Amino acid sequence: IAQAVGLGAAVDYLSRLGMDAVHAYESELAAYLESQLRTVDGLTVHGPPAGAPRAALAAFTCAGVHANDLATFIDQDGVAVRAGHHCAQPLHAALGVTSTARASLYIYNTKEEVDRLIET
């Protein structure tokens, strides 16, 4: 029953925010994340080209650094990212990478948190 109560609370919260507002904010964060990641030397952002619609997440690699190591370095600065295949091994093979790091954002994240990721 706890799961049903939690789901109901989440639905109520998102309804109060309004899904159009959630989508608009997520789109804004997505564009900001993508543009800021592209400013980092040696970093390659994998996914839709700049300006294309995208979810508020970005997979990226850093020249000469394995994604798992990159995620560990970033984590040591208190920023959480995921590393691995992200259930997309065929895509990774097509891109010629063994794994990627991925930053995922949602309504509870801020541009300041993206800036913190970039500063690491």
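See the structure above.
Here the structure is a predicted model, which means the values were calculated and not measured. (Residues numbered from 1 in each chain as written. Predicted model: local features only at pLDDT ≥ 70, side-chain atom pairs only at ≥ 80, totals over all residues. Heavy atoms only, no water.)

Colleague: Go over the nonpolar core, please, and point to the residues and values.
Modeller: In this structure, Leu33, Leu37, Phe60, Ile74 and Leu117 are the most contacted members of the largest nonpolar core, which totals 20 residues. Here the element with the most residues in this core is helix α2 (residues 19–37); it accounts for five residues. With residues near it in sequence (within four places) discarded, Leu33 still touches Leu57, Ala58, Ala103, Leu105, Val114 and Leu117. (Core = buried A, V, L, I, M, F, W, Y, C linked by side-chain atoms within 4.5 Å. Buried < 20%, exposed > 50% of the residue type's maximum accessible area, 1.4 Å probe, protein only. Helix = DSSP H or I, 4+ residues; strand = E, 2+ residues; numbered from the N terminus. Contact = heavy atoms within 4.5 Å.)

Colleague: Quick rundown of the environment of His85? Include the residues and the values.
Modeller: If you trace the backbone, His85 turns up in the loop between β3 (82–84) and α4 (89–95). Taking relative accessible area as the criterion, His85 reaches 35% and is therefore assigned partly exposed. Spatially, the C-alpha atom of His85 lies 21 Å from that of Arg38, the residues being 47 residues apart in sequence. Not counting residues within four places of it along the chain, the set of residues in contact with His85 comprises His92 and Thr98.

Colleague: Lay out the sheet that holds strand β4 (residues 100–104) in plain terms, naming residues and giving numbers.
Modeller: One open sheet holds the four strands; their spatial order is β1-β2-β4-β3, and the pairing between them is antiparallel. Strands with a single pairing partner mark the edges of an open sheet, and in this sheet they are β1 (43–46) and β3. This sheet shows a mean twist of 30° between the axes of neighbouring strands, independent of strand direction. Summarising the sheet, β1 and strand β2 (residues 57–62) pair through four bridges and their orientation is antiparallel. By the bridge assignment for β2, Val45 is matched with Phe60. (Pairing = 2+ DSSP bridges. Axes fitted to C-alpha atoms, helices over the stretch in contact; angles between N-to-C directions.)

Colleague: Could you give an account of the packing of aromatic side chains, naming the residues involved and the relevant values?
Modeller: Any two aromatic rings considered together are summarised by their centre-to-centre distance and by the angle between their planes. Applying the stated criterion across every chain yields a total of one aromatic pair. Seen from their ring centres, Tyr106 and Tyr108 are 5.7 Å apart, and the 65° between their planes marks the pair as edge-to-face. Residue classification places Tyr106 among the partly exposed positions, given a relative accessible area of 24%. Looking at Tyr108, the relative accessible area reads 63%, which means it is exposed. Against the face of Tyr32 rests Lys111, its NZ or CZ located 5.2 Å from the ring centre. (Phe/Tyr/Trp six-rings, centres within 6.5 Å; stacked < 30°, edge-to-face > 60°. Lys NZ or Arg CZ within 6 Å of the ring centre and 35° of its normal.)

Colleague: Lay out the packing of α2 against helix α5 (residues 111–119) with the relevant residues and their values.
Modeller: Closest axis-to-axis distance for the α2/α5 pair is 10 Å, and the angle between their directions is 20°. As the angle between them shows, α2 and α5 are arranged roughly parallel. In the packing of α2 onto α5, the handedness of the crossing is right-handed. Contacts between α2 and α5 pair Glu28, Leu29, Tyr32, Leu33, Gln36 and Leu37 from the former with Lys111, Val114, Asp115, Leu117 and Ile118 from the latter. Looking at the contact of α2 with α5 residue by residue, the class counts come to seven nonpolar, one polar and three charged. (Parallel < 35°, antiparallel > 145°, perpendicular 65-115°, else oblique. Left-handed = near helix turned anticlockwise from the far one by under 90°. Nonpolar A, V, L, I, M, F, W, Y, C, P; charged D, E, K, R; others polar.)

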